[in-house]
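Tertiary structure, described
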Amino acid sequence: MHVQEWLETVPAVAVYALVGLVIGLESLGIPLPGEIILVSSALLASQHGHIDPVVLGASATAGAIIGDSIGYAIGRKGGRPLLAWLGKKFPKHFSEGHIATAERSFEKWGMWAVFFGRFVALLRIFAGPLAGVLRMPYWKFAIANVLGGILWAGGTTAVIYYVGIVAESWLKRFSWLGLVAAVLVGLTSMLVLKRRAKKAGQTLEATEA
């Protein structure tokens, strides 16, 4: 069976559940490739009509928000001993240097570190648990968590989905040139979002200084 035919046989509900689960676990503090899963699924949705991009984006958003909330609760209860334990289990991601960098970001940006952290792989893993460890007021965390989850998950799904549609349309006319152009558009869009997030954080830091 060809790969494309096999993908068409995968139940849509399984794709939604996988995306929500992986992103939720990543947001909870477990280092998983949430962004890669989301991008791959959004491309799959653009090529196969049985996957609804709106439901996909909603599943990703729900996973991000719920996962971060659980991570916050665990971090608030576990405190710094939890970070030490994570450092032993996942030394590559939860090293003392990474924790110190993330903590400085939280101290400088506050709730904005949770919001913009969605667009940075390292902070995306740290955001929930570290906000709980540092005892950030829950209402601040909740606002940043919900808004950041919607913008990151929903925005990524929309951008990649439409890039996939454009790529498929252009491929019929310009072969590989269309694919190259579509990929460049997608990468540029993602870089612009990340650059804006970084610039906003630097602006906030300068204002506080």
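The following refers to the structure shown.

Scoring rules and cut-offs
Residues numbered from 1 in each chain as written. Predicted model: local features only at pLDDT ≥ 70, side-chain atom pairs only at ≥ 80, totals over all residues. Heavy atoms only, no water. Helix = DSSP H or I, 4+ residues; strand = E, 2+ residues; numbered from the N terminus. Buried < 20%, exposed > 50% of the residue type's maximum accessible area, 1.4 Å probe, protein only. Contact = heavy atoms within 4.5 Å. Areas by Shrake-Rupley, 256 points an atom, 1.4 Å probe, with all protein chains shown as cover. Salt bridge = Lys/Arg side-chain N within 4 Å of Asp/Glu carboxyl O. Polar contact = N/O pair within 3.5 Å; in protein donor to acceptor, adjacent residues only side chain to side chain. Core = buried A, V, L, I, M, F, W, Y, C linked by side-chain atoms within 4.5 Å. Phe/Tyr/Trp six-rings, centres within 6.5 Å; stacked < 30°, edge-to-face > 60°. Expected span 1.5 Å × (residues − 1).

1. So, the overall build of the chain
The helix and strand inventory of the chain stands at nine helices and zero strands. In the chain, the order of α-helices and β-strands from amino to carboxyl end is α-α-α-α-α-α-α-α-α. Burial status across the chain gives 42% buried among its 209 residues. Here the contacts in the chain between residues at least 6 apart in sequence split such that 77% fall between residues at least 24 apart. Carbon and sulfur atoms make up 69% of the accessible area of the chain, which totals about 11400 Å².

2. A short note on the pattern of salt bridges
Counted under the stated rule, the structure contains one salt bridge. Residue Asp68 is joined to Arg118 by a salt bridge in which the shortest nitrogen-to-oxygen separation is 3.1 Å. Of the two residues, Asp68 sits in helix H4 (residues 53-89) while Arg118 sits in the loop between helix H6 (111-116) and helix H7 (121-133), which places them 50 residues apart along the sequence. Take Asp68: its relative accessible area is 1%, and that puts it in the buried class.

3. Quick look at the environment of Trp152
Turning to its location among the elements, Trp152 is positioned in helix H8 (residues 138-174). Taking the C-alpha atoms as reference, Trp152 lies 6.2 Å from Arg118; in sequence the two are 34 residues apart. What Trp152 contacts, discounting residues up to four positions off in sequence, is Ile23, Glu35, Leu38, Ala64, Arg118, Phe119 and Arg124. Among the polar contacts listed, one links the side chain of Trp152 to the backbone oxygen of Arg118, at a separation of 3.4 Å.

4. A look at the environment of Val22
Within the secondary structure layout, Val22 lies in helix H2 (residues 12-28). In this structure the C-alpha to C-alpha distance between Val22 and Gly67, which are 45 residues apart in sequence, comes to 9.4 Å. If we skip the residues at most four places from it in the chain, Val22 touches Leu32, Pro33, Gly34 and Ile37.

5. Points about the environment of Thr61
Along the chain, Thr61 falls in helix H4. C-alpha of Thr61 to C-alpha of Gly24: the two residues are 37 residues apart in sequence and 8.9 Å apart in space. When residues no more than four places from it in sequence are discounted, the contact partners of Thr61 are Gly149, Ile150, Ala153 and Gly154.

6. Structural notes on the nonpolar core
Ranked by size, the top nonpolar core spans 19 residues in total, and within it Val15, Val19, Ile23, Ile51, Leu56 and Trp152 carry the most contacts. The set of elements that each furnish at least two residues to this core consists of H2, helix H3 (34-47), H4 and H8. Non-local contacts of Ile51, meaning those with residues more than four positions away in its chain, are made with Ala12, Val15, Tyr16, Leu44 and Ala45. Residues Tyr72, Trp109, Val114 and Phe141 belong to the second largest nonpolar core, which totals 17 residues.

7. Notes on the packing of aromatic side chains
Summed over the entire model, instances satisfying the criterion amount to seven aromatic pairs. With 5.3 Å between their ring centres and 75 degrees between their planes, Tyr161 and Tyr162 make a pair best called edge-to-face. Overall, the relative accessible area of 18% leaves Tyr161 in the buried class. Ring-pair connections join several aromatic residues into one group, and the members of that group are Tyr72, Tyr138 and Phe141.

8. Digging into unusual backbone geometry
Even without being a glycine, Arg135 presents a positive backbone phi close to 55 degrees. You can see Arg135 is positioned in the loop between H7 and H8.

9. Some points on H2
Here H2 contains 17 residues, and its C-alpha end-to-end distance of 24 Å stays within 8% of the 24 Å for a straight helix at 1.5 Å per residue. Those residues of H2 not exposed but buried are Ala12, Val15, Tyr16, Val19, Gly20, Val22, Ile23, Gly24, Glu26 and Ser27. Gly29, located one to two residues past H2, shows a positive phi value of around 130 degrees.

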